[in-house]
Each structure stands twice: as C-alpha cells, then as structure tokens.
Amino acid sequence: MNRGGTQFWIGAILFLVATFAMTQIIGNQYPFFACYVILQFIVLAVAWNILGGYAGYVNFGTSAFFGVGVYTAVFLFKAAGAPLAVQIAAAAVVGALMGFALGLLTLRMQGIFFSIATIALTIVIETSITNWRYVGGAAGIQMQQPVAMEPFNSYVQMLFFIQALLVVLAVATSRYIQNSWIGRGLQALKDDELAAECTGVPTLRLKLLACVISGALMCAAGAPAAMYLQYADPSSAFNLNYSVSVLAMSLIGGTAHWAGPVIGAILLGTTQQLLTVTISSEVNVLVLGVMLVLFVVGAPEGIIGLIGKARRNRNEGEG
Amino acid sequence: MMSPETEAPLLRISTLTKRFGGFTALDTVSVDIRPGERFGLIGPNGSGKTTLINCISGAFRTEAGTVIFRDEDITRLPPHIRTRRGIARSFQIPRPFKSMTVAENLMVALDFAVVTDEVVSSAQRRDTMMSILTRMGLASKAYVSTAKLSQVELRKMELARAMATHPKLLISDEAMAGLSSSEVDEVLDLLMSLAGQDITIIMIEHIMQAVMRFSDRVMCLEAGKIIAIGKPAEVMANQRVQEAYLGT
Amino acid sequence: MFSFDLLLDAVVSGVLLGCFYAAVSLGLSLSFGLLDVPNVAHPAFLVMASYGVFFLNESYGVDPLLAGLLITPLLFVFGLVAYRLYYQTFEKRGSDAGVRGIAFFFGIAFIIEVLLILQFGVDQRSVTASYIGKAWRIGDMRIPFRLLVAFAVAAALTILLTLYLSRTFMGRAIRAVAQDQEALRLMGADPIRIKQWAFGISTAVLGIAGALLIIVAPVNPTLDRSYIGRTFCVVVMAGLGSMSGTLVAAIILGVAEAIVLTMFGASWAPAISFAMLLGVLAVRPQGLFGRRS
Ligand SMILES: Nc1ncnc2c1ncn2[C@@H]1O[C@H](COP(=O)(O)OP(=O)(O)O)[C@@H](O)[C@H]1O
Ligand SMILES: [Mg+2]
C-alpha cells in the first residue's frame with residue numbers, strides 16, 4: 001500500500017474509533033439524532049457521485065433509491081421481523097438491481113433526458129408504494145424499535161454507528177474507483193462516450209457497474225431510516241428534497257474527487273441541521289436553493305476545485 | 001511484398017448499406033483492404049466517407065452487409081471490442097478526453113484496449129506511452145491538458161491515442177484538414193512512418209497531393225457508392241471522379 | 001364499475017384538461033424544446049404567475065384572466081433577465097451546461113417555492129370570478145365552466161403561438177435559431193438576442209397559463225412539483241419544439257389521466273405523466289411528432 005493509502009485507512013479507523021467512543025461516552029441522545037442524518041447524507045452523496053460525478057450521469061432519483069431502501073426494511077421487518085443487518089443487506093441487493101435497470105436506461109438516453117427519466121422513475125415508484133396497503137399506503141406506518149444490541153445503550157446509538165460503518169464502506173469504495181482503471185474509464189466516457197468506446201473502454205459495462213454500486217449504497221443508506229424515525233411514509237421517504245440536497249452536496253464539495261461529496265455533505269448537512277432546529281424547515285430549503293445556485297454559478301468545480309486553484313496560484317507565486 | 005491476390009484481406013467489407021431514415025448514406029459498398037496497404041479514401045463532402053469509418057469502427061449499426069476483420073465477422077461487435085481486435089481511428093473533429101492530460105488520454109488506451117495476459121507494470125506502460133508521444137513529437141506536451149492544445153497537436157494526440165491501442169488497422173479521418181502546409185507534411189510523414197511498421201492505414205483526405213503521395217490504392221465514394229478504385233493516378237484520371245470530386 | 005358513460009365522461013373532461021395542459025406546457029416547448037434550455041423551474045414560474053394572479057384578484061378584484069394579461073409584460077422581462085443570466089453562466093462557458101443548468105434551475109425552483117411559502121403560507125389559494133363554480137349540463141354529463149374557459153383560452157393561445165412562430169419575422173428567426181445558429185450569425189442576426197427573446201416569450205405565456213392554473217383548481221407553493229412531470233411529458237412526447245404536437249400530446253396526457261382517475265382512483269394520478277414520459281423516452285425519444293437534436 002502506498003503512503004496515501006495508509007493515511008486513508010488510519011483516518012478511517014480513527015473515525016470509527018471516535019464514533020464508537022461517542023456512543024459509549026455521551027449519554028444525551030440528541031447528538032446522535034443530528035449526526036446520524038449527516039452521516040446518512042455523506043453515504044448518499046458519495047454514492048451519488050460515483051455515477052453523477054465520475055460518469056457524468058446526473059441522477060435525480062436519489063430519493064427513489066433512498067425510499068426503496070426504507071421500504072425494503074419496512075417490508076422485511078413487518079413480514080419477518082428481520083434484524084437490521086438483514087434489512088440493510090437486502091436493501092443493498094434491491095438497490096443493486098434497481099441500479100442495473102437504471103444502467104440499462106443509459107443505453108437509450110443521455111444528458112438531461114437521463115436526469116428527467118430518473119425524476120420520473122422516482123414518482124412512479126413513490127406512487128406504487130403509496131398504493132401498497134401492506135406497508136401502510138399514503139398514511140405511512142409506525143415502527144417499534146427493538147432493544148439495542150450490546151454494547152450500545154440505545155437503538156439510535158447503534159444506528160449511528162452502523163451508518164458510520166456505511167460511510168467508511170462508501171468512501172473506501174468511491175476512493176478505490178477513482179484511483180483505479182474503473183475511474184479512468186468512467187472519466188473517459190464522461191468526457192466523450194464514443195471516443196471512449198473507440199479507445200477500448202467497455203462503456204456499457206462500466207456504466208452498469210457504477211449504477212449498481214451507487215444504487216446499492218444509496219438503498220443501504222436508506223434502510224435504517226425507518227427504524228431511526230420509528231415511522232415511514234411515502235411522501236417523506238421519496239421526497240425530491242433528498243435528490244436535490246444530495247446533488248447540491250456533491251456539486252458544492254466538487255465531483256471530481258471522492259472527498260468532494262464528503263465535504264459538501266458535512267457542510268450542507270450541518271447547516272441544514274442547525275437551521276431546521278433554530279429557524280424552520282422552509283428556510284432550510286431556501287438555503288439549499290441559494291447554495292446550489294451560488295456554487296453552480298460561482299464555483300463550478302466546487303470546494304475541491306477552489307482549493308486546487310488556490311494551491312496552483314500559490315505554487316505559481318513561489319516558482 | 002508478395003502478390004496481393006494470394007493474400008487474405010485484412011478487412012473485407014461486403015455489400016455494406018447504411019441508412020438514416022429514408023436517406024441511404026452507404027449503398028452496397030464492397031471493398032477488401034490488404035495487410036500492410038496504404039489506402040486512400042476520397043470523395044466529395046457528404047459522400048459517406050465518415051459514415052463508412054463509423055460502420056467499420058462500430059459507431060453505427062448497419063442495415064445490411066458484413067464487416068470481416070482478420071477472418072472474423074465483426075459486424076455486430078461493439079466498438080470497444082473492435083478496438084481490442086486491432087481497429088483504431090481518429091475523428092474528423094478531434095474528440096479528446098478534455099478533462100485529461102495528453103498522457104492520461106493515452107493511458108486510457110493502454111488500460112483498456114491492450115489486452116495481454118502478462119502483468120504490465122505501470123513503469124512499463126509509462127515507457128510505452130512516452131515512446132509513442134516521442135514518435136509523434138508530443139513528448140513535451142505529455143502533462144499538458146488537452147484543452148490547451150493547438151489544432152495540429154490535437155490531431156497528433158488523436159493519432160497517438162489510436163496508436164496506443166496497438167492497432168493493426170489505423171483509420172485517419174481528415175487528420176490534415178485545416179492545417180498549414182508544413183503541418184500537413186509533418187502529419188503525412190508521421191502516417192508514412194507508421195505504415196512502415198506493419199500497420200495498415202486507411203486515410204481519408206481532401207488534400208490531393210497528400211493522397212497521391214501516400215496511397216498504394218485509392219477509392220472514391222460519391223453519394224454512398226464506389227465510383228472508382230485503383231492506382232492513385234488511374235483514379236485521379238477517371239472521368240467520373242473528376243466530375244464528382246473536382247467539380248469540373 | 002366500467003361503463004361507456006363513464007368512459008365518455010373521462011374522455012371529454014380529459015380533452016378539456018389536456019388543452020389546459022397544453023397551455024401550461026407551451027412555454028416549455030419553446031425554452032426546452034426549441035432552445036435546449038433545461039428549464040425545470042418552468043412549473044415554478046407557472047405557480048409564481050398564479051400567485052401574481054391571486055394577488056391581483058384578491059386585493060383589487062381583478063378578473064383572473066385580465067390579471068394574467070396584466071402580469072404578462074413583467075413575466076416577459078423576467079424571462080429576458082433569466083436567460084441573460086443563464087447564458088452568461090452556462091452557454092457562454094460551453095460544455096456541461098446541461099448538468100449544471102438543470103441543477104441551477106432546480107435551485108431557482110426551490111427558492112421560488114420558499115419565497116411563495118414565506119409570502120403566502122402553505123395553504124391552498126383560489127380566485128373568484130363569475131364563471132368559476134358554474135357548470136354546463138348535457139344529459140348526465142356535467143362540464144364545469146372553469147374547464148371550458150381553460151379549454152377555450154388554451155386553444156386560442158396555442159393557435160396564436162403557432163401563428164407567431166410561422167408567420168412573423170421574429171417567430172421564423174426563433175425556429176431558425178433552433179435549427180442552425182451559425183447560419184443565422186452569417187446572415188447578420190444575433191442568435192443570442194433571438195434566443196433571449198424566445199425565452200422571454202416562453203415565460204410571458206405563463207401569465208395566462210398561471211391564470212388558468214388557479215382558475216382550474218386552487219394552488220399551493222409546491223404545486224410545481226407535480227407539473228414537472230406533466231409539462232416535460234407533454235414536451236418530450238410532442239417531439240421537441242412542435243407547438244401543434246404539444247397540443248396533441250397534452251390531450252393524450254389529459255385523457256390518460258382522466259381515464260386512470262375514473263378506473264383506478266386519484267392515488268395513481270401522479271404517476272401517469274411520469275410513466276408516459278418514461279415510456280416515450282425509452283421507446284421513442286424523438287417524440288411522436290417531431291425532431292430531436
Ligand atoms: N448521424 C447521422 N444522422 C443522419 N444523417 C447523417 C449522419 N451522419 C451522416 N449523415 C449523412 O450521411 C451523409 C454522409 O455523411 P459523411 O459520411 O459524414 O460524409 P463525408 O465524411 O464523406 O463528408 C451526409 O449526407 C450526412 O448528412
Ligand atoms: Mg467526413
């Protein structure tokens with residue numbers, strides 16, 4: 001392993017140790033409620049970026065994957081009382097299948113048509129769930145949290161730590177893809193799909209791979225949400241706000257590097273948590289809109305791009 | 001070289017037809033390209049030259065006819081497989097991977113198009129890449145973003161990227177269009193030197209002097225049909241070619 | 001359960017509804033269909049126009065349709081400015097405009113939603129006029145006047161816009177700019193000015209369309225979300241940039257929605273436009289009637 005790799009894994013282990021220590025030390029439940037949401041957004045944004053950032057296929061269906069993750073968990077819990085690990089694993093499998101279907105769509109449509117199709121997919125799935133009585137229909141469904149497993153004191157703490165594990169999994173996957181031949185192939189097809197094909201890049205296979213990985217991670221991130229809220233309903237689980245938030249996080253952080261969505265999710269996620277608590281959820285959406293417009297117009301490469309530019313300027317200043 | 005008649009063709013195109021809606025862009029085109037040949041493809045604008053290249057490289061699905069490359073029917077294969085089989089091309093309007101440097105553009109080819117069982121170290125691949133760039137006169141631009149290249153550098157980069165796929169057949173689509181006469185000579189010399197290395201080349205070109213100097217054989221298309229094929233001088237002298245192509 | 005009368009009812013109200021959908025989609029057919037601007041904020045602009053009509057109607061008792069006409073110049077200027085901004089930040093820089101453009105317009109849509117909520121609250125709002133609430137009876141069938149008004153005005157709007165695009169100099173220039181920008185430039189026209197004008201028209205027609213929206217049913221600030229599906233469905237199905245195609249596609253959508261509504265109930269309604277959109281994109285991306293660039 002090279003130096004960057006070692007540093008990365010040391011960082012990842014420190015992160016997990018820190019989150020675990022938090023669950024053992026802090027008794028107050030509120031920090032876990034708030035941080036859980038931010039962790040969840042990190043997973044979603046990092047997963048989104050594998051397809052949207054690396055491959056350039058802008059998916060507005062994050063909420064479709066998230067919602068399907070939620071309802072996979074709801075269904076398994078209601079039907080079989082499945083444990084959390086099974087819910088998450090099953091959600092990942094369902095997400096991978098959905099991702100595969102989405103990948104096939106890329107055969108027929110690119111650019112904005114693909115984006116519109118993903119919005120359409122979201123609404124169609126949401127409407128189907130709304131009409132599915134077994135999982136509660138439009139009114140939603142209550143979920144009773146089971147007792148937490150050792151060594152966690154509460155279920156929310158456990159969910160928080162599990163989401164932290166998903167963060168490490170998502171980030172490590174995204175980082176691996178970026179640095180491997182897969183990342184280079186995705187970048188090539190993002191720049192020019194035909195030129196990539198004619199240079200030997202199996203574009204369809206790579207797009208399917210990106211869709212499957214991205215979809216599996218998004219669904220997995222959604223699976224614990226029902227237990228977290230102890231409640232699920234279609235219009236919140238499939239809310240377009242998830243899609244736009246996650247897109248905004250990636251764009252704000254920068255889509256070319258795995259760290260971009262992480263930075264964006266932490267920034268925007270924290271801001272949203274603070275605003276929702278202190279002011280109102282409307283202002284929250286306003287901030288989302290304003291940040292999105294500002295960054296898209298003013299800093300198209302995101303924060304990562306700004307940092308890179310600052311570095312280059314400094315180097316030029318010195319040399 | 002041995003007598004061409006006894007040798008199996010490298011590429012055999014049989015009764016190839018391509019339509020766009022009701023418009024027939026290629027009409028039952030048949031031609032054999034021999035191994036090691038320098039093949040010139042000419043024809044007025046819109047006669048179907050680029051379309052033919054797109055059908056050979058797999059960018060377009062064809063309505064009828066077959067493409068056989070080294071005794072294998074590749075008519076239904078996707079472009080990336082054809083590239084791995086040994087067909088490389090440049091584009092009439094250059095299509096670099098614009099977010100990448102010149103070196104990274106070539107690395108895409110080395111990563112994906114070259115399939116070997118041996119483990120190739122990244123140092124070896126970097127050597128291969130640099131040797132191709134050196135031959136193309138692009139070594140000094142290796143770590144420059146393709147967005148910053150001049151027109152002639154872009155053309156060379158495309159040829160270099162095509163070369164990095166280790167092709168048996170290289171197709172160059174108007175690589176000299178819009179270049180100055182010294183640049184034309186430069187690119188032509190490059191293509192000639194590649195042809196000397198066991199690579200078969202199809203060159204589409206409008207600059208007649210270049211075509212005459214380069215080609216062993218020339219084919220002229222008009223409105224999707226072959227109107228002449230043979231020795232460069234014969235094709236140039238052909239009445240129909242002069243009417244169609246030179247507009248006289 | 002199923003009866004011929006019900007079906008006939010559904011078809012009639014579907015046709016009326018479809019004409020109304022055409023009216024709200026015409027602008028998008030210009031901006032997205034002809035100019036390739038990924039304007040997902042179009043429905044948000046529409047709802048914003050409805051609130052303008054609501055304001056004039058409630059505060060000054062202005063007739064909703066007249067109010068729609070009154071705000072049309074404002075919306076036109078709004079469109080001119082919006083396109084300038086879009087052009088400066090995206091088209092001029094080239095590449096990637098699609099991706100960032102759609103994100104940009106989503107941001108704008110969210111901002112409009114929230115501003116409307118802060119100003120008018122989340123409740124449903126409606127307008128008053130003499131023709132709202134009355135209905136026309138033919139046998140068992142009951143056709144609400146508000147739908148008839150929407151139908152008539154929408155049809156007139158479609159015809160006017162079609163004539164404008166085919167008969168006037170500017171209209172023909174707009175069609176030309178969609179086909180071949182370079183040719184126009186060579187002829188000495190400024191394609192950017194023409195596109196800006198066209199975008200202005202695409203938002204200007206929202207004055208009347210917004211009036212129809214609030215005449216047909218009450219509006220709320222997040223209503224734009226269900227119209228993203230409807231408007232894009234209509235425009236894509238029509239084949240990008242075809243005005244008469246827009247009318248036909250909108251009627252197909254209206255009838256489909258009305259039939260599903262009668263047979264399966266309202267809870268399936270939101271998915272119809274999106275399902276049709278998906279189908280069209282997957283099977284016939286060039287649309288039913290038109291070009292695709
Ligand atoms: N993708 C396409 N769709 C529709 N028509 C096309 C397409 N590509 C090429 N054509 C048409 O096919 C004909 C041949 O084009 P082309 O092969 O590019 O000509 P050349 O390269 O000889 O100048 C032209 O009339 C062109 O308009
Ligand atoms: Mg050509």
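Just so it is clear, the model here is predicted, and its values are computed rather than measured.

Engineer: When you look at the interface of chain A and chain B in this model, what are you seeing that I'm missing?
Structural biologist: One frequent convention defines the size of an interface as the accessible area lost when the parts assemble. Residue-level contacts link 18 residues of chain A with 24 residues of chain B. Of the roughly 1,900 Å² buried where chain A meets chain B, counting both sides, 61% is carbon and sulfur surface. By the criterion of area lost to chain B, the three top residues of chain A are R184, C198 and T199 of chain A, representing 34% of everything that side buries. The shortest N-O distance in the salt bridge between R95 of chain B and D192 of chain A comes to 2.8 Å. At the junction of chain A with chain B, the criterion picks out nine residue pairs in polar contact (both at pLDDT 80 or more).

Engineer: Would you take a moment to explain the environment of C233 of chain C for this structure?
Structural biologist: Residues and elements named next belong to chain C. Inspection of the secondary structure assignment puts C233 in helix α10 (residues 224-238). For the pair C233 and L277, spaced 44 residues apart in sequence, the C-alpha separation works out to 4.7 Å. Setting aside residues no more than four positions away along its own chain, C233 makes contact with L253, S273, M276 and L277.

Engineer: I'm lost on the packing of aromatic side chains in this one. Help?
Structural biologist: Aromatic rings considered in pairs are described by the distance between their centres and by the relative angle of their planes. Inspection of every chain in the model, using the stated rule, returns 37 aromatic pairs over all chains. With centroids separated by 4.2 Å and ring planes inclined at 20°, the aromatic side chains of Y36 of chain A and Y228 of chain A adopt a geometry described as stacked. In this pair, Y36 of chain A sits in helix α2 (residues 30-54) while Y228 of chain A sits in helix α10 (residues 225-229), placing the two residues 192 residues apart along the sequence. Like Y228 of chain A, Y36 of chain A is buried. Through a chain of ring-to-ring contacts, three or more aromatic side chains come together here, namely Y83, Y86, Y87, F90, F104, F105 and F199 of chain C. The ring of Y134 of chain A carries K78 of chain A above its face, with NZ or CZ at 4.2 Å from the centroid. Stacked on the ring of F214 of chain B, the Lys or Arg R38 of chain B has its end atom at 5.8 Å from the ring centre.

Engineer: I'm lost on the confidence of the model for chain C in this one. Help?
Structural biologist: For any part of a model where pLDDT is low, the fine detail of the predicted coordinates should not be relied upon. All names here are of chain C. When the pLDDT values of chain C are averaged, the result is 86; 94% of them are 70 or greater. Taking the mean pLDDT of every element in chain C, the minimum, 70, falls on helix α7 (residues 181-186) and the maximum, 96, on helix α2 (residues 42-60). At the level of chain-chain contacts, confidence expressed as ipTM amounts to 0.91, with global pTM at 0.91.

Engineer: Where do I start with the state of the cysteines in this structure?
Structural biologist: Two cysteines joined by a covalent bond between their sulfur atoms form a disulfide. Going through the model one piece at a time under the given rule, you end up with zero disulfides over all chains. Summary of cysteine pairing: C219 of chain A is not part of a disulfide, and the nearest cysteine sulfur, belonging to C211 of chain A, is at 13 Å. Its sulfur unpaired, C19 of chain C is 15 Å from the next cysteine sulfur, which belongs to C233 of chain C.

Engineer: Looking at this structure, I do not really get the sheet that holds strand β1 (residues 11-20) of chain B. What am I missing?
Structural biologist: Backbone hydrogen bonds are what pair the strands of a sheet, in a parallel or an antiparallel way. All names here are of chain B. Strand order across the open sheet formed by four strands is β2-β1-β4-β5, with antiparallel pairing between neighbours. Whereas interior strands pair on both sides, the edge strands pair on one side only; in this sheet they are β2 (23-33) and β5 (72-73). Taken together, the two bridges between strand β4 (residues 64-69) and β5 define a ladder with antiparallel strand orientation. What sits directly across from F69, in β5, is E72. Contacts from helix α1 (residues 49-57) reach β1, β2 and β4, with the element oriented near 115° to β1.

Engineer: Even after reading the chapter, I still don't get the site of ligand 1, so can you show me in this structure?
Structural biologist: Residue and element names in this part refer to chain B. As a matter of local geometry, ligand 1 sits amid F20, F23, A25, P44, N45, G46, S47, G48, K49, T50, T51 and F60. At 2.8 Å from an oxygen atom of ligand 1 is found a main-chain nitrogen or oxygen belonging to G46. One of the backbone nitrogen or oxygen atoms of K49 is found 2.9 Å away from an oxygen atom of ligand 1. The protein chains hide 62% of the 560 Å² of surface that ligand 1 would expose on its own. Of all the secondary-structure elements, those providing two or more residues to the shell around ligand 1 are β2 and α1. No other element matches α1, which puts three residues into the shell around ligand 1. Of the residues assigned to the shell around ligand 1, the class counts are five nonpolar, six polar and one charged.

Engineer: I keep staring at the pattern of salt bridges and nothing clicks. Help me out?
Structural biologist: The full count for this structure, using the stated rule, is 17 salt bridges over all chains. A salt bridge links D27 of chain B to K225 of chain B; the nearest nitrogen and oxygen atoms lie 3.1 Å apart. Of the two residues, D27 of chain B sits in strand β2 while K225 of chain B sits in strand β10 (residues 225-230), which places them 198 residues apart along the sequence. Assessed through its relative accessible area of 44%, K225 of chain B is described here as partly exposed. One salt bridge connects R161 of chain B with E158 of chain B, and the closest N-O pair in it is separated by 3.3 Å. Taken as a pair, R161 of chain B and E158 of chain B lie in helix α5 (residues 151-164) at a separation of three residues, close to a single helical turn. Residue classification places E158 of chain B among the buried residues on the basis of a relative accessible area of 2%. Taken together, the shared-partner salt bridges connect R184 of chain A together with D111 and R125 of chain B into one network.

Engineer: What exactly am I supposed to notice about the coordination of the magnesium ion (ligand 2) here?
Structural biologist: Under ideal tetrahedral coordination, the four donors around a metal are separated by 109.5 degrees; under ideal octahedral coordination, the six donors are separated by 90 or 180 degrees. Residue and element names in this part refer to chain B. Protein ligation of the magnesium ion (ligand 2) involves T50 (OG1) and Q92 (OE1), the donor distances falling in the range 2.0 to 2.2 Å. With T50 in helix α1 and Q92 in the loop between β6 (87-89) and α3 (102-112), the pair connects residues that are 42 residues apart, well separated along the chain. For T50, a relative accessible area of 24% puts it in the partly exposed group. By relative accessible area, which is 30% here, Q92 ends up partly exposed.

Engineer: What exactly am I supposed to notice about the interface of chain A and chain C here?
Structural biologist: Listed by partner, the interface residues are 35 residues for chain A and 35 residues for chain C. Together, the buried faces of chain A and chain C total about 3,500 Å²; carbon and sulfur atoms form 80% of this surface. Seen at the junction of chain A and chain C, the total is zero salt bridges. At the surface where chain A touches chain C, the tally comes to five residue pairs in polar contact (both at pLDDT 80 or more).

Engineer: Just checking my understanding: could you explain helix α5 (residues 111-130) of chain A for this structure?
Structural biologist: Counting along an α-helix, one turn takes 3.6 residues, and residues three or four places apart therefore face a common direction. Spanning 20 residues, α5 of chain A covers 29 Å between terminal C-alpha atoms, matching the ideal 28 Å at 1.5 Å per step. Most of α5 of chain A is tucked away, with 15 of its 20 residues classed as buried.

Engineer: Teacher, can you tell me more about the environment of S50 of chain C here?
Structural biologist: All names here are of chain C. Within the secondary structure layout, S50 lies in helix α2. When its relative accessible area of 0% is taken as the criterion, S50 is described as buried. For S50 and A67, which are 17 residues apart along the polypeptide, the C-alpha to C-alpha distance reads 9.5 Å. Here S50 is in contact with G210, L213, I214 and V219, once residues within four sequence places are set aside.

Engineer: Teacher, can you tell me more about the pairing of β4 of chain B here?
Structural biologist: On a regular strand, one side chain projects to one face of the sheet and the next to the other, so that they alternate. Residues and elements named next belong to chain B. For β1 and β4, the ladder comprises five bridges, and the chain directions are antiparallel. Looking at β4, one finds that R12 is bridged to I68. The antiparallel hairpin formed by β4 and β5 contains two residues in its connecting segment, where R70 sits at a positive phi of about 50°.

Engineer: Please explain unusual backbone geometry as it appears in this structure.
Structural biologist: When glycine is set aside, most residues are seen to have a negative phi, and most peptide bonds are trans. Residues and elements named next belong to chain B. Phi at T15 is positive, roughly 40°, even though this residue is not glycine. Considering the arrangement of structural elements, one finds T15 in strand β1. We note that D198 has phi near 70°; this positive angle belongs to a residue other than glycine. Structurally, the position occupied by D198 is in the loop between α6 (181-195) and β8 (200-204). Of the residues examined, D198 reaches a relative accessible area of 70% and is grouped as exposed.

Calculation criteria
- Residues numbered from 1 in each chain as written.
- Chains lettered and ligands numbered in written order.
- Predicted model: local features only at pLDDT ≥ 70, side-chain atom pairs only at ≥ 80, totals over all residues.
- Heavy atoms only, no water.
- Contact = heavy atoms within 4.5 Å.
- Buried area = accessible area lost by both parts, 1.4 Å probe.
- Salt bridge = Lys/Arg side-chain N within 4 Å of Asp/Glu carboxyl O.
- Polar contact = N/O pair within 3.5 Å; in protein donor to acceptor, adjacent residues only side chain to side chain.
- Helix = DSSP H or I, 4+ residues; strand = E, 2+ residues; numbered from the N terminus.
- Phe/Tyr/Trp six-rings, centres within 6.5 Å; stacked < 30°, edge-to-face > 60°.
- Buried < 20%, exposed > 50% of the residue type's maximum accessible area, 1.4 Å probe, protein only.
- Lys NZ or Arg CZ within 6 Å of the ring centre and 35° of its normal.
- pLDDT = per-residue confidence, 0-100.
- Disulfide = S-S within 2.5 Å.
- Pairing = 2+ DSSP bridges.
- Axes fitted to C-alpha atoms, helices over the stretch in contact; angles between N-to-C directions.
- Near = heavy atom within 4 Å.
- Areas by Shrake-Rupley, 256 points an atom, 1.4 Å probe, with all protein chains shown as cover.
- Nonpolar A, V, L, I, M, F, W, Y, C, P; charged D, E, K, R; others polar.
- Donors = N, O, S within 2.8 Å, 3.2 Å for Na, K, Ca; no water.
- Expected span 1.5 Å × (residues − 1).

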